[in-house]
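Structural overview for review
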Amino acid sequence: MSVQQKIDLAIRASGSISIQDFVEISNFSKKDGFYNSEEIQKIGRKGHFITSPEISSLFGKCITNQFLSIFSGVKKVHLIEFGPGNGYLTLDILHYLKSKNIEVLKISILEKSNYFTKQIKEKIPNAEVFNDLNNIKINPDITTFIYSNEFFDAFGAKQYIHQNEEFNEIKITKINNEYKLVYEENLISTHLKDKFSNYNFEEKDILEHSILIDNFFVQLKEKLNSNFFFSTTDYGYLKLPKKSTLRLISNHKKVNLFEKFENIDYSFGVNFEYMKDYFMTFNPKVIFQKELIENFLNENTHSDNKGMVNKTIDMLSNTNFENMGNHFLNISFYSEWKNLFAINF
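This report concerns the structure included in the present document. If you're wondering where the values come from, they're calculated on a predicted model, not measured in any experiment.

1. Concerning the overall build of the protein chain
What the protein chain contains, in helices and strands, is 13 helices and 16 strands. Across the 345 residues of the protein chain, 56% fall into the buried class. Restricting the contact set of the protein chain to residue pairs at least 6 apart, pairs at least 24 apart contribute 74%. Entry remark: accessible area of the protein chain is about 16600 Å², with carbon and sulfur atoms responsible for 47%.

2. Side note on unusual backbone geometry
Even without glycine at this site, Asn101 takes up a positive phi of about 60 degrees. Within the fold, Asn101 resides in the loop between helix 5 (88–99) and strand 3 (103–110). Positive phi is not limited to glycine here, since Asn177 has a value of about 65 degrees. Among the residues examined, Asn177 registers a relative accessible area of 64% and is labelled exposed.

3. What about the pairing of strand 7 (residues 166–175)?
Of all the 10 residues making up strand 7, seven are buried; the element is thus mostly covered by neighbouring parts of the structure. Sheet topology note: the strand 1 (residues 17–18)/strand 7 ladder contains two bridges and is antiparallel. Along strand 7, the bridge assignment pairs Ser18 with Lys171. The sheet contact formed by strand 6 (residues 158–163) and strand 7 spans four bridges and is antiparallel. Each bridged residue has a counterpart across the sheet, and for Tyr160 the counterpart in strand 7 is Glu169. The pairing of strand 7 with strand 8 (residues 178–184) spans seven bridges and is antiparallel. Along strand 8, the bridge assignment pairs Thr173 with Lys180. The hairpin turn running from strand 7 into strand 8, its antiparallel successor, is two residues long, and Asn176 in that turn takes a positive phi close to 50 degrees.

4. A few points about the packing of helix 1 (residues 3–14) against helix 2 (residues 19–28)
In the contact formed by helix 1 and helix 2, the axes pass within 9 Å of each other and the chain directions differ by 150 degrees. Taken together, the axis directions place helix 1 and helix 2 in an arrangement best described as roughly antiparallel. Where helix 1 crosses over helix 2, the handedness of that crossing is right-handed. Seen from helix 1, the contacting residues are Val3, Lys6 and Ile7; seen from helix 2, they are Phe22, Ile25 and Ser26. Along the lines of polarity and charge, the residues of the contact of helix 1 with helix 2 split into four nonpolar, one polar and one charged.

5. Side note on the environment of Ile161
Tracing the backbone through its elements, the reader meets Ile161 in strand 6. Judged by its relative accessible area of 4%, Ile161 is buried. On a C-alpha basis, the gap between Ile161 and Lys243 in space is 9.0 Å, while along the polypeptide they are 82 residues apart. Setting aside its immediate chain neighbours within four residues, Ile161 contacts Glu166, Phe167, Asn168, Ile170, Tyr183, Lys204, Asp205 and Ile206.

6. A closer look at the sheet that holds strand 13 (residues 265–267)
The strand order across the open sheet formed by three strands is 12-11-13, and the pairing between neighbours is antiparallel. Only two strands of the sheet have a single neighbouring strand rather than two, namely strand 12 (253–254) and strand 13. Summarising the sheet, strand 11 (residues 247–250) and strand 12 pair through two bridges and their orientation is antiparallel. Residue pairing for strand 12: Ser250 is matched across the bridge by Lys253.

7. Some words on the pairing of strand 6
Across the six residues of strand 6, five count as buried, placing the element largely inside the fold. Pairing of strand 6 with strand 9 (residues 206–209) involves four bridges; the strand directions are antiparallel. Note that in strand 9 the partner of Gln159 across the bridge is Glu208. The hairpin formed by strand 6 and strand 7 contains two residues between the paired strands, and Asn164 there has a positive phi angle of roughly 50 degrees.

8. Structural notes on the pattern of salt bridges
Overall, the coordinates contain eight salt bridges when judged by the stated rule. Notably, a salt bridge pairs Asp8 with Lys174, separated by 3.0 Å at the nearest N-O pair. Residue Asp8 is located in helix 1, and its partner Lys174 is located in strand 7; the two are separated by 166 residues in the primary sequence. In this structure Asp8 comes out as buried when scored by relative accessible area, which is 11%. Here Glu178 ties to Lys180 by a salt bridge, and the two come within 3.7 Å at their closest N and O atoms. Lys180 gets classed as partly exposed once you look at its relative accessible area, which sits at 33%.

What counts as what
- Residues numbered from 1 in each chain as written.
- Predicted model: local features only at pLDDT ≥ 70, side-chain atom pairs only at ≥ 80, totals over all residues.
- Heavy atoms only, no water.
- Helix = DSSP H or I, 4+ residues; strand = E, 2+ residues; numbered from the N terminus.
- Buried < 20%, exposed > 50% of the residue type's maximum accessible area, 1.4 Å probe, protein only.
- Contact = heavy atoms within 4.5 Å.
- Areas by Shrake-Rupley, 256 points an atom, 1.4 Å probe, with all protein chains shown as cover.
- Pairing = 2+ DSSP bridges.
- Axes fitted to C-alpha atoms, helices over the stretch in contact; angles between N-to-C directions.
- Parallel < 35°, antiparallel > 145°, perpendicular 65-115°, else oblique.
- Left-handed = near helix turned anticlockwise from the far one by under 90°.
- Nonpolar A, V, L, I, M, F, W, Y, C, P; charged D, E, K, R; others polar.
- Salt bridge = Lys/Arg side-chain N within 4 Å of Asp/Glu carboxyl O.

In short, the description is geometric, and any link to function would need to be established separately.
What follows is the structure, encoded as structure tokens:
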């Protein structure tokens, strides 16, 4: 059954489908979802989109330097990556840590895509691969380095439109063989108004919120009970844009909603303000990717080919390639034993 057929089935069953469910079916349904289909390549120049680790190993070195700026004396580490894609980021980090004589005792991968799970098992055979964060075991005696790149933007989110001082959910239906957006009353309008009370919403402003990310944050926070450093980089924002951030990409080109249904990557801008507030206990720091590259790529990291290095840094930190430097944000936070003691007691 194709992605479109599954969507049509869901609409027939309940009359409409949420944006969140639409995206989850499109991205992750078994066999036919974008991240599970047996298409030859998804990420990279020959795929549908490209990410920083695919551009250069310098990105992996950069976030490793970010980690080492806090845990400078670490000798052994447990690596955990969320949503590794083709696996290049973990490979780059692994090689860089080994070059610094830091022993990687364990590699844990969180990946629910069958397609990418196969990639990881081939490239990093000693890695443990899980599809549920709860199943990843963390040894409190080992420093844990948790990281991801363009992971949270793949989570489905619900969209709400502000109408007559209420939030109505934007949903998808099909009438006379044509897909349409409809606005439906929902039971959590008051909850949303309270949750985002620091914002003034005008008529027809759009609010996006993902219960799926909420649930993931709960699981992640429960895991953060040992020496750890967390860093994630993603397409996102620090203030609600009050408009849809849903993006559809196919073959490196933007696609309109309902234009086609197969071989499309759906993603949302990530709310870094919300993430920062949720993990405020750990004093998170949010910076642009441009600052990340500038702050944590030192001369010792660079190869002899300065021209190529400078070109790569420019791609990752400036505006000439998808405006990565300003559209992508990084959030990091950590807890050493002494800080964790202070937090808990």
